[in-house]
Amino acid sequence: MRFRHPDGSIVHLSYCTNVHPAETLDGVRAQLRDHCEPVRRRLGRDRLGIGLWLAREAARVLINDPAELRALRAELDSRGLEVVTLNGFPYEGFGADEVKYRVYRPDWTEPDRLAHTTDLARLLAALLPDDVTEGTISTLPLAWRTPYATDPGAAGTARAALTTLAQRLDALAELTGKSIRIGLEPEPGCTVETTADAIAPLTDVGHERIGICVDTCHLATSFEDPDTALDALTAAGIPVVKSQLSAALHAEHPHLPEVRTALAAFAEPRFLHQTRTRTAAGLRGTDDLDEAVAGGALPDSTPWRAHFHVPLHAPPAPPLTSTLPVLRATLARLVGGPVPLTRHLEVETYTWQALPAELRPRTRTQLADGIAAELTLARDLLVDLGLKELP
């Protein structure tokens, strides 16, 4: 979906396909047929943006077979779908029964991460619509905090990899005329947990094609204030490459038994749900929601937030809620001003099938309806900010 900002530039809104697990190219094509095109039709749009997730196996097939890449581009066109952004965070296995810590490997100290991200940049340059010259890719925020923090060479290795990537992106732009930018995506528990943590390593890299991806669920989980975060990034000259529109799980009174019971329903075995609370002594947290719910790991006199991407249009029932207000405030800063701070927005609720059983979509139709409802909410927020929806 495209919108015209009051300054005349085009802002793109997509939804991320990592909600539809697929490791192979055939699986990606099935996503387009069974999920993405039906969502587009529900929205009554001739064109729908998707933030494509290409696992390692699918990406390698496309890199090695130009005919397959041309066929994928043609299929996107025929189904009324367009790609301006990729989710390069998960490498493979995102549809596994247990993902947890595996999603952070390989990290930016490992050669496979650089190779895969380079492949994704080349693929995105070929998949961009003819009238679009800029693409974006989100990636993991360097690494999970351990063992990175205790490895004296890790920071230098990651910095060198990102510098090499930037050089490759420069060469790709010269070759294709397409500018591909990469955004580190701060996430709780990682080396770069907050936007503030991103400033030093990105300043060290010092390249306009390497910036940050602001995920509004992660921002909220770490109790970051959107204005403070974005002001600091602007002051440091760190570009907001893209933003993922998502909402975290919020518990205002975690000391109450009924709140603990409600939270426990969201503790599940597939994804990691880092949980945080803000105290007078600073941010406290656990790596997963079940650790927090079990008691004793976190103080419970202040609100808790958990890294669980809840549907934007359907916050959980009381006594829980979502951090949708943080999304609204962030979006207002990102695109509500005289000049947009980013032009690529991506709805990223990948946890539909990890929701408590009674909230999960049971059919493709229900899932498509839910994704369409999320995109409708995001569209309405953009229109309210003065952007004009384009055909």
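About the cut-offs
Residues numbered from 1 in each chain as written. Predicted model: local features only at pLDDT ≥ 70, side-chain atom pairs only at ≥ 80, totals over all residues. Heavy atoms only, no water. Helix = DSSP H or I, 4+ residues; strand = E, 2+ residues; numbered from the N terminus. Rg over C-alpha atoms; globule rule 2.2 N^0.38 Å. Buried < 20%, exposed > 50% of the residue type's maximum accessible area, 1.4 Å probe, protein only. Contact = heavy atoms within 4.5 Å. Core = buried A, V, L, I, M, F, W, Y, C linked by side-chain atoms within 4.5 Å. Pairing = 2+ DSSP bridges. Axes fitted to C-alpha atoms, helices over the stretch in contact; angles between N-to-C directions.

Draft legend 1. Seen up close, the overall build of the protein chain. Looking only at helices and strands, the protein chain has 13 helices and 15 strands in total. Whereas a compact globule of 391 residues would reach a radius of gyration of roughly 21 Å, the protein chain reaches 20 Å, a difference of no more than 12%. Out of the 391 residues in the protein chain, the part that is buried amounts to 60%. Taking contacts inside the protein chain between residues at least 6 apart in sequence as the whole, the part at least 24 apart equals 79%.

Draft legend 2. A look at the nonpolar core. The biggest cluster of nonpolar side chains holds 115 residues, and the ones touching the most others in it are L13, Y15, W108 and L375. In terms of residue count, the dominant contributor to this core is helix α13 (residues 364-384) (nine residues). With residues up to four places along the chain from it excluded, the contact list for Y15 reads H20, H35, C36, V39, L48, G49, I50, G51, E346, V347, I371 and L375.

Draft legend 3. Spatial organisation of the sheet that holds strand β10 (residues 275-279). Strand order in the open sheet made by the five strands is β11-β10-β12-β9-β13, with antiparallel pairing throughout. The open sheet is flanked by β11 (282-286) and β13 (320-322), the only strands paired with a single partner. Direction aside, the axes of adjacent strands within the sheet are offset by 30° on average. Of the pairings in the sheet, the one linking β10 to β11 comprises five bridges and is antiparallel in character. Each residue of the ladder has a partner; that of R276, found in β11, is G285.

On their own, these measurements won't tell you what the molecule is for.
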